[in-house]
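Working through the structure, step by step
Spelled out, the chains give:
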Amino acid sequence: MSTGTSTNTTRLTVAQALVRFLAAQYTERDGERQRLIGATWGIFGHGNVAGLGQALIEYADDMPYYQGRNEQSMVHAAVGYARQSGRLSTHAVTTSIGPGATNLVTGAALATINHLPVLLLPGDIFATRPADPVLQQLEVPYAGDVSVNDCLRPVSKYFDRITRPEALIPAALQAMRVLADPVETGAVTLALPQDVQAEAYDWPEEFFAERAWNVRRPAADGSELSAAVRAIREAGRPLIVAGGGVHHARGEEALAEFADATGIPVSSTQAGKGSLRYDHPQDVGAIGHTGTATANELARTADLVIGVGTRYTDFTTASGTLFAADGVRFLNLNIAPYDGHKLSGLPLIADARVGLEELTQALELHGYRVADAYVTEYSEDKQRWEHRVDACYEADEPDTRPTQAQVLGLLDELVDENDILINAAGSLPGDLHKLWRARSRDQYHLEYGYSCMGYEIPAAIGVRMAAHGRPVWALVGDGTYLMMPTEIVTAVQENIPIKVLIIQNHGYASIGGLSQETGAERFGTAYRYRSEDGTFTGAPLPVDLAANAASLGMRVLRAKTVRGLRAALAEARAADTPTCVYVETETADTVSGPPPAQAWWDVPVAETATRPSAVKAREEYDRHVSTRRRHL
């Protein structure tokens, strides 16, 4: 960073100064240097066209620009890029005022919940208020300084409104600090009044000097490390829960070495899956409501749960019912103290990679390793689960319509460690978490912190930008596709060869199943005509999503059978242009589907009802609630 000051200045608009500043920001970790803001996405309107729009033309050689079709999806693309880049690089997103700005909120929440950096630059109302109200302005009688952009405050890790040119300097520096901070990172918002964007100011040259923001790898405190080692040495049935923090820290090799040395089995959350390859001896698969029988049985009997980079969401803990052993303790290796103290666990506050390396070294000095009988137990259970996966994937009738599990099986036959799968919502996350065999640290890209429908296609674009030359698959159901197919146009425009796999099952399959379980009788979850009784139980709607994707410029391959799907997937994988595979699936109740949930999830059921389905569901709910425990 610059350490001196100078009287040299350059006269630029606020928007021009911001673009120049962003182009000079870098991150550094382990000797690796990357642009912090690799590009800017934008949709222009009166709130940013003459400010940031003009600046992006002025400095087009320094700041790449991508044209989006939906403000929310632009954030998803930036987030996908950031995750694939290891949080060391991200994109900025600029919008006009009004609906353009409020469309950012969902994407911002997704970024912040998943601890992924993205810079949001929404236009704002006039700071000088020459006309009040302006087009799209929200009038708030009790506060003249409030705009719709204030709805971004609770979903941003840092927020500032730049009402004077000189205020950009401290705000921009704080924004970069937060984006590069592995604990604080998330959505960062700089709201930019449209008049201030176009206002000129004499900027100190130091503001535009290259800056490298160090991404810290803090080591563990000595006393916390000693306590962690004691806890592990005293444990007879320890279990690791690997979360997204393992990937963010690039700690996969350190985790493998720790597991090899100690024999401790490793389960994974949605964000942590792939921390170990599926065929690593200590990998026991997914944990929680969408987990494997192997991992969940180990969780129920574990005397020490070692969380590495996990937030312990309700899916992971089965809403507080999974870790059931008397006296079970928790050891939480996490870079964030907030997460390190969850479940009254022993905190080990450190970078995941560094902390694992320190634990491995300390335990090797004591010669620690779990009992051979424990290794044999989980190894045999893992083998039995793999047989169940094989049965779900098996598709030995090539001229029949595939099930969703068989679709995943056919993809499993095709891919190698270079392929990346992206998904976020619907019934696919559960099937993927249980069944998918992750072959590399970044093959499994599930956004399940916010589980946002519509994430997959734009995120695939961002991932492909960061993963040059690798096959990137966006796996979407029909419900998700209808939420946000718009960035197909961007993929076509930029010739970004993503592969979109549309699985048509005529409605919200996941919520339909949940509705059935909770006594709501699948109400409002199917894409069908109304029947005479007013319910949505008629024939499927004549919606042709393949034709829709083709109308947006994508090459589309239709598959009607197992045989046809196998050929279409292979053709799509080899394609060098954006390609869609469309398949209508058979329902899981007609052939072998994925195993049911191996652990509970708390969705409250009506306490009073007259319909038998709800009464029965409430009885089952009360039974599960009685097993919940608070770990104090």
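Residues numbered from 1 in each chain as written. Predicted model: local features only at pLDDT ≥ 70, side-chain atom pairs only at ≥ 80, totals over all residues. Heavy atoms only, no water.

On a plain count of helices and strands, the protein comes out with 24 helices and 23 strands. Relative to the 2.2 N^0.38 estimate, which gives 26 Å for 632 residues, the radius of gyration of the protein is 26 Å and therefore close to what a compact globule would have. Summarising its shape, the C-alpha atoms of the protein cover approximately 70 × 70 × 55 Å along the three principal directions. Summarising the internal contacts of the protein: among those between residues at least 6 apart in sequence, 76% fall at separations of at least 24. (Helix = DSSP H or I, 4+ residues; strand = E, 2+ residues; numbered from the N terminus. Rg over C-alpha atoms; globule rule 2.2 N^0.38 Å. Contact = heavy atoms within 4.5 Å.)

The next thing to look at is a negative patch on the surface. Side chains of Glu253, Glu257, Asp260 and Glu364 sit close together on the surface and give a patch of like negative charge. Take the negative patch: its biggest share by element is three residues, from helix α10 (residues 252–262). Glu257 sits in the partly exposed class, given a relative accessible area of 49%. (Patch = residues over 30% accessible without salt bridge, like charges linked within 9 Å, V, L, I, M, F, W, Y side chains within 5 Å. Areas by Shrake-Rupley, 256 points an atom, 1.4 Å probe, with all protein chains shown as cover. Salt bridge = Lys/Arg side-chain N within 4 Å of Asp/Glu carboxyl O. Lys, Arg positive; Asp, Glu negative; His and termini not counted. Charge placed at Lys NZ, Arg CZ, Asp CG, Glu CD. Buried < 20%, exposed > 50% of the residue type's maximum accessible area, 1.4 Å probe, protein only.)

Here we take up the pairing of strand β2 (residues 25–29). Most of β2 is tucked away, with four of its five residues classed as buried. The sheet contact formed by β2 and strand β11 (residues 211–214) spans four bridges and is parallel. Looking at β11, one finds that Thr27 is bridged to Trp213. As defined by bridge partners, β2 adjoins strand β3 (residues 32–35) across four bridges and the pair is classed as antiparallel. Looking across to β3, one finds that Tyr26 is bridged to Arg35. From the end of β2 to the start of β3, which pair antiparallel, there are two residues, and Asp30 there has a positive phi angle of about 55°. (Pairing = 2+ DSSP bridges.)

All right, on to helix α1 (residues 14–22) then. Counting buried positions over the nine residues of α1 gives eight, a clear majority of the element. Those residues of α1 not exposed but buried are Val14, Ala15, Gln16, Ala17, Leu18, Val19, Phe21 and Leu22.

Strand order in the open sheet made by the six strands is β5-β4-β6-β7-β9-β8, with parallel pairing throughout. Edge positions in the sheet fall to β5 (65–67) and β8 (158–161), since each has one partner strand and no second. Going across the sheet, the axis of each strand differs from the next one's by a mean of 20°, ignoring polarity. As paired elements, β8 and strand β9 (residues 187–193) share four bridges and run parallel to each other. Note on β9: the bridge partner recorded for Asp160 is Leu190. Contacts from helix α3 (residues 71–84) reach β4 (37–42), β6 (90–95) and β7 (118–124) within the one sheet, and its direction differs from that of β6 by about 170°. (Axes fitted to C-alpha atoms, helices over the stretch in contact; angles between N-to-C directions.)

On to unusual backbone geometry. Most peptide bonds adopt trans geometry, and most residues besides glycine take a negative phi value. Each neighbour pair has its own omega, and for Asp132 with Pro133 the value is 10°, a cis peptide bond. Residue position: Pro133 is located in the loop between β7 and β8. Notably, Ser451 is not glycine yet its phi reads approximately 45°, a positive angle. Along the chain, Ser451 falls in the loop between β19 (444–446) and α18 (456–466). With a phi angle near 50°, Asn495 is a residue other than glycine that sits in the positive phi range. As for its position among the elements, Asn495 is in the loop between α20 (488–494) and β21 (499–504). Given the relative accessible area of 42%, Asn495 is considered partly exposed.

Below, the discussion takes up helix α8 (residues 222–234). Compared with an ideal rise of 1.5 Å per residue, which puts 13 residues at 18 Å, α8 spans 19 Å between its outermost C-alpha atoms and is within 8% of the ideal. Those residues of α8 that sit buried are Leu225, Ala227, Ala228, Val229, Ala231 and Ile232. (Expected span 1.5 Å × (residues − 1).)

The sheet built from three strands is open, its strands ordered β3-β2-β11 with mixed pairing. A strand with exactly one partner marks an edge of an open sheet, and here the two such strands are β3 and β11. Put simply, the sheet's adjacent strands are angled 30° from each other on average, direction ignored. Those strands touched by helix α6 (residues 168–180) are β2 and β11, and its axis lies near 40° from that of β11.

The values are spatial; any link to function lies outside them.
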